[in-house]
Structures are given as structure tokens and as C-alpha cells.
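Here are the chains, one letter per residue:
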Amino acid sequence: MRFNIFLIIFLITVSLSNSIQAQNDEDVEKVGDIFDNVLTQSSSYNWLHYLCKNIGHRIAGSPAGAAAVEYTRQMLDTMGCDKVWLQPVKVPYWTRGNIAECRIINSQIAGDIKLSACALGYSAATDIAGISAEVIEVKSVSELEKMSDDKVKGKIVFFNAPMDPTKVSTFSAYGEAGHQRTAGPRKAAEKGAVAALVRSLTLKADDIPHSGVTIFDEVQPIPALGLGIQSAERLSALLSKEKQLKVYIRLDCKKHKDQLTYNVIGEIKGSEFPDKIILIGGHIDSWDLGEGAHDDGAGCVQSMEVLHVFKRLGIKPRHTIRCVLFANEENGLKGGSTYADEAKNKGEKHVAAIESDGGGHTPRGFGMDAVPEILKDAYAKTQKFREILAPYGFYELVTGGSGADIGPLKNQNVVLFGYRPDSQRYFDFHHTENDVFESVHKRELELGAAGIASLVFLIDKYCF
Ligand SMILES: [Zn+2]
């Protein structure tokens, strides 16, 4: 009798492990099919080409923004989604104009020197003749905060903290140094400065100026510019020798009234749980320099590709798979907040959301995030996917980081994932005129799309 019980337990264990192995083999095969299919039949690179070359940069609320909404809506519609629609989003609208003059005008050592600069998003214009003033350099917002208003009044504040090169993830370095761009000009304005210059957020030693949002809230905006790295270094070097150095600035940016734009949404209905949603997305808007190729045309076409490869392979998901191309990530996050509010009001249940907004470079893996009560369990449930995805270069499935647009869903108990490509070259292009189609590699883009589709496939099968 005793012997028989052991035998039964042994047989159950063997059959269970056989079935787990069979399931694992099936998953390995299916993920292989997804990669093979995307690497040979994907439309993502062509879509990106159209977005970049036929439409170009597309700040939210602009005519090009509207063209990008319509183009991606058509692409989702023609790939055979079960439902495609536009979700209205009211967005702030700002244009940089045509003038971005910035130069040192009274150096005893070097004379008149042109600085490579561009307006930051929501910068004010100067008056038509421009402005000139002395410059004070700081290495952080807190250094400025400690200064008396008298010292700052009437001056141009120059924020010159570099991104930390010792941080291997450039996103961590960006997160740290980014504060001087988002909050520095406001703090300078509060203290009576007439303008702000911000060292560009990049680790590349070129002289291309980087734009990006700066937030004034209720404070009256002042002219605020991103400075190329070489220009920032030169200004800093001269300032160390000539305290009375003056910079001249002329800008013709403009803040307009709010505009109506849309989140673009397409979905494949779930066969078992149509009311439970797995979301994938990127943001359709871009900064108004370059073509928004890495940021975030790549994330948009990868997200669209997930639905496309499911359709091509005839994969019938258990949950509803929804692709969302968010409006206004760059200068307001209105797309993400509108989406989350509406999901809450409608009682929609999202089980997971994945965002691709780290560029179109070679895949590394995924970060994940959720409220503490569910994060540990979600992390444990997804670790078995690493083994399946690692042969394709997706080695990371780690806690920490997701995406700005899906962030507002966190409090609705959604497990969030951020696609993580290699980050070393991302800030060579980010928010600059160099963020163009040619800077995205077809194969790297497609590997990313295939990996995201594979993660969606595995989540749909096993979680949450
Ligand atoms: Zn982005």
C-alpha cells in the first residue's frame, strides 16, 4: 500500500513535469514564430518611414500631429483590428517660431561668439530686438535656490550640470540632470532672471542643442533655451575668466490656445476575457525638431506591429489586446491622463500595460512597475518568460520603470512594463534635429517589436 502511494506520487510528478515541459516547448515555438514573422514580414519600418518623411515632426495640436493621427488610424483600420477609434484629448499648443539667436557679445578674449541653441518647450519669446544680460552659472537648481534674488535679478541663469557618465543606464543620468531643464527656468523666473540657458541633456560631445519641456506652471514664462554641449563648455570656460560676460538672445516662440487632438486606439477582442485589456503603446506626438523617429515613432510602430503580427499569425488572444498611440506625451501628458481617467470612468479593467518610449535601439528587456501590493506577485509570475526571451537579446525583466503615458494606470492596479532598448545612443538623438528616420535601424526596430509581441503573447496566456 505504502509502495503504491509513492508510485502514484511519482507518476503524477512525472506527468506534471512532462506537461510543463510540453507547454514550455510550445511557448518557445510560438515565440520563435513571432520573431520569424516580424523579422521577415513587418510593416513597422515602412510605417516609420511615412511618419518621418511624409509627415515629419508632430508636436501635439499641430497640423502634422493631426496628419499622424489620421495616418496611424488608417493603418490600424486596414490591418483588420476588431475596433479602431479616436479618443479626443485637449492639449496645450506651443510653437517655437523661426528665430533662435544666442551669442556671447562682449568677450574681451574671444569677441562675439555664436552659441548653438534652441528654445525649450513653453519658452517665452523675447521682444523683437532681443535681450542681452550678464550670465550667472549654476550646477543645480538647489544652488540657484540658495542665491539671493538680488544676485539673480536681471541676469540670465545658465544651468550647466552634465549628465553623469558613470551611470550605465543613460535614462538614470537623464532623470537626475533633467530637473534643471524641467524646473530650472521657472525657478530662475521666480527670482527675477530675464532668461535661462540649460546645458543639453546628452552624453555626446557635439554641439547639437536639445529641446524638451520646461514647466512654468503659474509663473510668467521667460525665454529658455537648450545649449549645445560645446557651446555650454565654451560659455562656462569664458565665464570663469570674465565675470561681466553678456549673452544676447532672440526668440519668437508662441503659446497658442488649446487644441483638440486624439489618442489613436485599435484593438483585437479577447476570445475568453474580452473585458480584460492588455495595452501596448507609445506616443504619437514628438518634439518639433527632427522627425520624431526614436522618440517616439519607433514605439508607435512597434505597438502597431504587435496587433499586426497577431493578425498575420492568426493568434486569437484570450484577453483584448489594445494598441494606444498617446497624444501630448512631450509637453503635457494629456493623452495618458485622459486615457486613464476615461478607463476609470468606464470601469475598464486593464491587466497589463506595456509602453515603448526608449527609442528603437537593440533590445535589452523590460522594466516593470505596479503598486507594492501586486508588484511582487507580478514579478514572480513573469520571471519564467526570461528564459524564453533571452535567446533574442531580452535579458532583463526587472522591477523599476515603465512609461510616462501608462503611468496614470498604476493606481488602477495595472501591472506596467517599459520596453528597454540599449540606452547608450538614445540621448545622441533625443529632442534634436538628428532624431530622423535614418537614425533607426530596421532590424533593431523589428527585434523590439517582436519581443514586445512575445511578451504580450505570454502575458495573455499566463497572467494576471
Ligand atoms: Zn518619448
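Residues numbered from 1 in each chain as written. Predicted model: local features only at pLDDT ≥ 70, side-chain atom pairs only at ≥ 80, totals over all residues.

On to the sheet that holds strand β5 (residues 131–138), then. Pairing within the open sheet is mixed, and its eight strands lie in the order β3-β2-β9-β5-β6-β7-β8-β4. Only two strands of the sheet have a single partner each, and these edge strands are β3 (111–114) and β4 (117–119). Averaged over all neighbouring strand pairs, the angle between strand axes comes to 30°, with direction disregarded. Examined bridge by bridge, β4 and strand β8 (residues 224–227) share three bridges and lie antiparallel to one another. Pairing of alanine 117 across the sheet is with leucine 227, part of β8. (Pairing = 2+ DSSP bridges. Helix = DSSP H or I, 4+ residues; strand = E, 2+ residues; numbered from the N terminus. Axes fitted to C-alpha atoms, helices over the stretch in contact; angles between N-to-C directions.)

Core analysis: the largest hydrophobic core is formed by 129 residues, its most contacted members being Ala196, Val306 and Val456. Among the elements that line this core, the one with the most residues is helix α15 (residues 442–462), at ten residues. Residue contributions to this core reach at least three from each of two domains, namely domain 1 (29–94 + 257–462) and domain 2 (98–252). For valine 306, the residues in contact, after removing those within four places along its chain, are Ile280, Ile321, Cys323, Ala449, Ile452, Ala453 and Val456. (Core = buried A, V, L, I, M, F, W, Y, C linked by C-beta atoms within 7 Å. Buried ≥ 20, exposed ≤ 12 C-beta atoms within 10 Å, placed from the backbone. Domains from an automatic or database assignment. Contact = placed C-beta atoms within 7 Å.)

This brings us to the domain arrangement of the chain. A common way to report how large an interface is uses the accessible area buried once the components associate. Here the domain parsing of the chain yields domain 1 (29–94 + 257–462) and domain 2 (98–252). Computed over C-alpha atoms, the centres of domain 1 and domain 2 are 33 Å apart. Broken down by element, the side of domain 1 that touches domain 2 gets its largest block of residues, three residues, from helix α14 (residues 426–429). Counted by class, the side of domain 1 that touches domain 2 contains five nonpolar, eight polar and three charged residues. (Nonpolar A, V, L, I, M, F, W, Y, C, P; charged D, E, K, R; others polar.)

Here β8 shows two buried faces, one formed by Ala224 and Gly226 and the other by Leu225 and Leu227. In terms of strand pairing, strand β7 (residues 195–199) meets β8 through four bridges, oriented parallel. Looking across to β8, one finds that alanine 196 is bridged to alanine 224.

Before going further, it helps to spend a moment on the packing of helix α2 (residues 44–55) against α15. At a closest axis distance of 9 Å, the pairing of α2 and α15 adopts a crossing angle of 115°. As for the relative orientation of α2 and α15, their crossing is right-handed in sense. Residues Ser44, Tyr45 and Leu48 of α2 form the contact with α15, whose participating residues are Lys442, Leu445, Glu446 and Ala449. Within the contact of α2 with α15, the residues separate by chemical class into four nonpolar, one polar and two charged. (Left-handed = near helix turned anticlockwise from the far one by under 90°.)

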